[in-house]
Amino acid sequence: QVSLVESGGGLVQAGGSLRLSCVASGIPFKIRDMGWYRQAPGKQRELVAVITTGGSTNYADSVRGRFTVSRDNAKTSVFLQMSSLETEDTAVYYCKVTTAFAEYWGQGTQVTVSS
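Residue positions within a chain follow its written sequence, with the count starting from 1. Local features are withheld for residues below a pLDDT of 70 in this predicted model, meaning they are given only at 70 or higher, and side-chain atom pairs are given and counted only at 80 or more; totals for whole chains, interfaces and linings count all residues. To get the side-chain values, take all heavy atoms of the structure and skip hydrogens and water.

Draft legend 1. View of the side chain of threonine 98. The way it works is that DSSP assigns letters per residue, a run of H or I at least four long becomes a helix, a run of E at least two long becomes a strand, and they are numbered from the N terminus. If you trace the backbone, threonine 98 turns up in strand S9 (residues 91–98). According to the relative accessible area criterion, threonine 98 is buried, its value standing at 13%. What makes two residues a contact is simply this: any of their non-hydrogen atoms within 4.5 Å. Ignoring anything within four residues of it in the chain, the contact list for threonine 98 reads Lys30, Ile31, Arg32, Asp33 and Glu103. Each residue is placed in one exposure class: buried if its accessible area under a 1.4 Å probe, protein chains only, is under 20% of its type's maximum, exposed if it is over 50%, and partly exposed if it falls in between.

Draft legend 2. Structural view of the environment of alanine 60. Along the chain, the position of alanine 60 falls in the loop between strand S6 (57–59) and strand S7 (67–72). The buried category is assigned to alanine 60, whose relative accessible area is 15%. In sequence terms alanine 60 and alanine 49 are 11 residues apart; their C-alpha atoms lie 6.4 Å from each other. If we ignore the near neighbours within four places in the chain, the residues touching alanine 60 are Leu47 and Val48.

Draft legend 3. Quick peek at the nonpolar core. The term nonpolar core refers to a set of buried residues drawn from Ala, Val, Leu, Ile, Met, Phe, Trp, Tyr and Cys, joined through side-chain atoms within 4.5 Å. Formed by 30 residues in total, the largest nonpolar core has its most connected members in Trp36, Leu80, Met82 and Tyr93. Those elements that provide at least two residues to this core are strand S3 (18–25), strand S4 (34–39), strand S5 (46–51), S7, strand S8 (77–82), S9 and strand S11 (109–114). When near neighbours in sequence (up to four residues on either side) are disregarded, leucine 80 contacts Leu18, Arg19, Leu20, Trp36, Val48, Ala49, Phe67, Thr68, Val69 and Tyr93.

Written out as C-alpha cells, the structure is:
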C-alpha cells in the first residue's frame, strides 16, 4: 500500500530549528514533484516548498531564506530544514508526492513555535 511517513515535528522556541522528513513507499508510478504544505487552525492550506525531480525549488515568500527543501530520490524521501522559526510558522505540516496519475499526502506533523 501507499505510505507517506512524516517525522521531525515538535515544539521549538522562536529562533530555533527543526528538520522534517517524509519517506514515501508503495508509490505505483514515477514520482514527479515532492513538497510540503502547512495548515494553521482557521486558515487555508498553503504551499511551503516544492522540489522537482531535477532539483529545482520554489518557496513561499514567508519562508524563503529560512527553509530549505531537499530530496533523496533513491530513498523516495523529501526533507524540510527549517531555521529561524517564527511563531507564525506554527501549523500542521503535510508532505505531498505527485505522479502523473495521482497525488499522495502524508498524515501531517505538528510544528509548534513558542515565543
